[in-house]
Amino acid sequence: MTQTAAIEPQQRISAPTVDVAVIGYGPTGAALAHLLGQLGLSVRVIERNIGVLAIPRAVHLDGESMRILQSMGLASRALSVLRPGANMEWVNATGQTLLVRTSEPGLGPHGWHNDYYFHQPDLERLLRWGVAQLDGVQVDEGWALQQLRQDGDGVALDLTSTDGSATSTLRASYVVGCDGARSTVRGLIAADEFEDLGDHQTWLVVDGLLHHPLKLPEHTVQHCDPARPSTSIYVHPLRRRWELMLMPGEDADAMLVPELVWRLLQRWVKPAQATLERAAAYTFHSLIARRWQQGRVMLAGDAVHQTPPFLGQGLCTGLRDAANLAWKLALAVAEPALAESTLASYGSERLPHARAFVALAVEVGRVIQVIDPAAAAERDTRLQQQGLRFAFPMPALGPGLHRARVHAQAVGRIAPQFELEDGRWSDDVCGPHWSLWLDPSVLANLTPTQLALLHAMALRPLAATTAAQRWLQDQSCGAALLRPDRYVCDIWPNADAMMAGLAQALPEGLPPPWRQRPVPGPT
Ligand SMILES: Cc1cc2nc3c(=O)[nH]c(=O)nc-3n(C[C@H](O)[C@H](O)[C@H](O)COP(=O)(O)OP(=O)(O)OC[C@H]3O[C@@H](n4cnc5c(N)ncnc54)[C@H](O)[C@@H]3O)c2cc1C
């Protein structure tokens, strides 16, 4: 069982080497620790603070993130703190609707709704509860990483208790810095060079707890008012978030005086109707670190990407980092000879994927952040006439452990989650394993020799029925190999091509699925 806090210096922290040290116990660190623990690795989480950060930050989570929670066995519990929601409305300065974007009703391609709203501390508490259920993961709060040194076998970490009264050391085979935007780990591996996508705008962020539900829109509204662009977010009936752009010449601290904050909120709520939970100024950035790894040390979450909040994707992107990295670290620990190429694929795959979300958030932000009245009028006309043309991205990974090619669009992208004939969901059937989905006609015609070969590779062929079969047909293929993170590794038209592909010499260090460490079944 996980232990938390109350470290006795030099006794607990100096314990033997662990497989992975995770620095930072925010949502990225908690998700990664959970996934690694599920895969049977020994994990030590080092967190500077004690307890969940109470400050509300993320309010939106996407369907792919829900799928990652599902893989941790947390999705059903998560539904108690998440509210599905979809529509977004853009209105002009007078409140007239310019555009409404509606999501598809029902479940999206991930088998979950496309959008959920929540209070970040609630989700973080759930993630920590999940970690606490796992043997092999130990959490040490109240300790900060100060220094690390890599050698051929692992990494030595120097730690200091947050109150400064004690120091200690730890050894780990691998280290992942999930330590946020001001990452210590990033500095220690000299990875502080970023691609800057150019958005650095300060916004006032106000969270209000309503005394009673109010007659306000039950969806997010983007107020395209050049006098003060702002966003009103319906989190749940008694919780609202307002984001208000800081205008040129305004001083953020001066604007955060309660009387001024209430004045800014007057179009939505009055002091008698709500309590202000907090008001803060954030300068949102749009940055992607150019390097995500040095040797045995990797970075994940806000430590490597920071996005403006217009798509609600910062936390979601960190969860995707964790899902991409966890199975690769498990492989690296089990198969040291494959470690270098496997782990190198983490940054090469994730960087362009994360960049696509940051770039789109910047684009969406440009729509609302217009403060010139003439440009705003032109924008309003454009929005009314043409709409806002963006598709929620499902980008391909960058080069890595998949065989992406021009005529196979699905390869390198996440596969949908399928509902099977017996009512189960495909991710639950796959568990944390590689999975091979076959059209029933391909499956029925596999020869005993082919079946024996698949068995030897520890690949259990799965019959793709209904939705899965339709998806295979849409890709013009009869077989698809999915990685443990549900991204498509390769597709083939038929059994012969599949067997040849699976048996072929492995290019670019592609790790053979059958050499992965045995892992427990789905939770
Ligand atoms: C106003 C606002 C709105 C947002 N809205 C959304 C949204 O709707 N959807 C969304 O997906 N995202 C949103 N985000 C982004 C989201 O909150 C972050 O992306 C997410 O919290 C990042 O998680 P993380 O675990 O990577 O980093 P963090 O949450 O920052 O956690 C890092 C942890 O590392 C610890 N740490 C740091 N240094 C050390 C050290 N040296 N040693 C030990 N521990 C250390 C810190 O104490 C901290 O606990 C929003 C952010 C803000 C500010």
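As shown above, the structure is provided for reference.
Residues numbered from 1 in each chain as written. Predicted model: local features only at pLDDT ≥ 70, side-chain atom pairs only at ≥ 80, totals over all residues. Heavy atoms only, no water.

S.K.: Quick rundown of helix α4 (residues 120–132)? Include the residues and the values.
M.R.: Its 13 residues place the ends of α4 18 Å apart at the C-alpha level, agreeing with the 18 Å of an ideal helix rising 1.5 Å per residue. All of the buried residues in α4 are Q120, P121, L123, E124, L126, L127, R128, G130 and V131. (Helix = DSSP H or I, 4+ residues; strand = E, 2+ residues; numbered from the N terminus. Expected span 1.5 Å × (residues − 1). Buried < 20%, exposed > 50% of the residue type's maximum accessible area, 1.4 Å probe, protein only.)

S.K.: Report on the site of the ligand, specifying residues and quantitative values.
M.R.: Taken together, 32 residues sit near the ligand, with T28, E47, R57, D302 and L315 positioned nearest. Note that an oxygen atom of the ligand is positioned 2.8 Å from one of the side-chain N or O atoms of T28. Here a nitrogen atom of the ligand sits 3.1 Å away from a polar atom, N or O, in the main chain of R48. Compared with its free state, where it exposes 1,000 Å², the ligand has 91% of that area covered by protein. When residues of the shell around the ligand are traced back to their parent elements, those giving at least two are α1 (27–38), β2 (43–47), β9 (143–150), β17 (274–284) and α8 (314–334). (Near = heavy atom within 4 Å. Polar contact = N/O pair within 3.5 Å; in protein donor to acceptor, adjacent residues only side chain to side chain. Areas by Shrake-Rupley, 256 points an atom, 1.4 Å probe, with all protein chains shown as cover.)

S.K.: Please set out the sheet that holds strand β3 (residues 60–62) residue by residue, giving values where relevant.
M.R.: An order of β3-β7-β4 is seen for the three strands of this open sheet, with the pairing classed as antiparallel. Edge positions in the sheet fall to β3 and β4 (83–84), since each has one partner strand and no second. Where β3 meets strand β7 (residues 115–117), three bridges bridge the pair, whose relative direction is antiparallel. Pairing of L61 across the sheet is with Y116, part of β7. (Pairing = 2+ DSSP bridges.)

S.K.: Any chance you could break down the pattern of salt bridges for me, citing the residues and the numbers?
M.R.: Evaluated as defined, the whole model comprises 28 salt bridges. The salt bridge partner of E124 is R57, with a shortest N-O separation of 3.5 Å. A residue pair is termed long-range when its members are at least 10 positions apart, and E124 in helix α4 and R57 in the loop between β2 and β3 qualify at 67 residues. The class for E124 is buried, based on a relative accessible area of 4%. The partner of D380 in a salt bridge is R379, and the shortest N-O contact between them spans 2.7 Å. For D380, a relative accessible area of 13% gives the class buried. Shared partners join several salt bridges into a network, and the residues in it are D207, R241, E243 and R278. (Salt bridge = Lys/Arg side-chain N within 4 Å of Asp/Glu carboxyl O.)

S.K.: Just give me the short version of the sheet that holds strand β24 (residues 479–482), but keep the residues and values in it.
M.R.: Taken together, the four strands give an open sheet; going across it, the order is β23-β22-β24-β25, and neighbouring strands pair in mixed fashion. With partners counted over all chains shown, the strands left at the sheet margins are β23 (461–463) and β25 (488–492), one partner each. Going across the sheet, the axis of each strand differs from the next one's by a mean of 25°, ignoring polarity. One ladder, built from three bridges, connects strand β22 (residues 435–438) with β23; its direction is parallel. Across the sheet, W437 pairs through a bridge with L462, a residue of β23. Sheet strands touched by helix α15 (residues 495–503): β22, β24 and β25. Its angle to β25, the strand with the most contacts, is close to 140°. (Axes fitted to C-alpha atoms, helices over the stretch in contact; angles between N-to-C directions. Contact = heavy atoms within 4.5 Å.)

S.K.: Describe the nonpolar core, naming the residues involved and giving the relevant values.
M.R.: Judged by nonpolar contacts, the single largest core of 98 residues is most densely connected at L61 and M498. Ranked by residues supplied to this core, first place goes to α8 with 11 residues. Ignoring sequence-local partners within four residues, the contact set of M498 consists of L436, L438, L446, L454, A479 and W492. Core analysis: the next-biggest nonpolar cluster, separate from the first, contains 19 residues, A408, F418, L462 and A464 among them. (Core = buried A, V, L, I, M, F, W, Y, C linked by side-chain atoms within 4.5 Å.)

Just distances and angles here, no functional claims.
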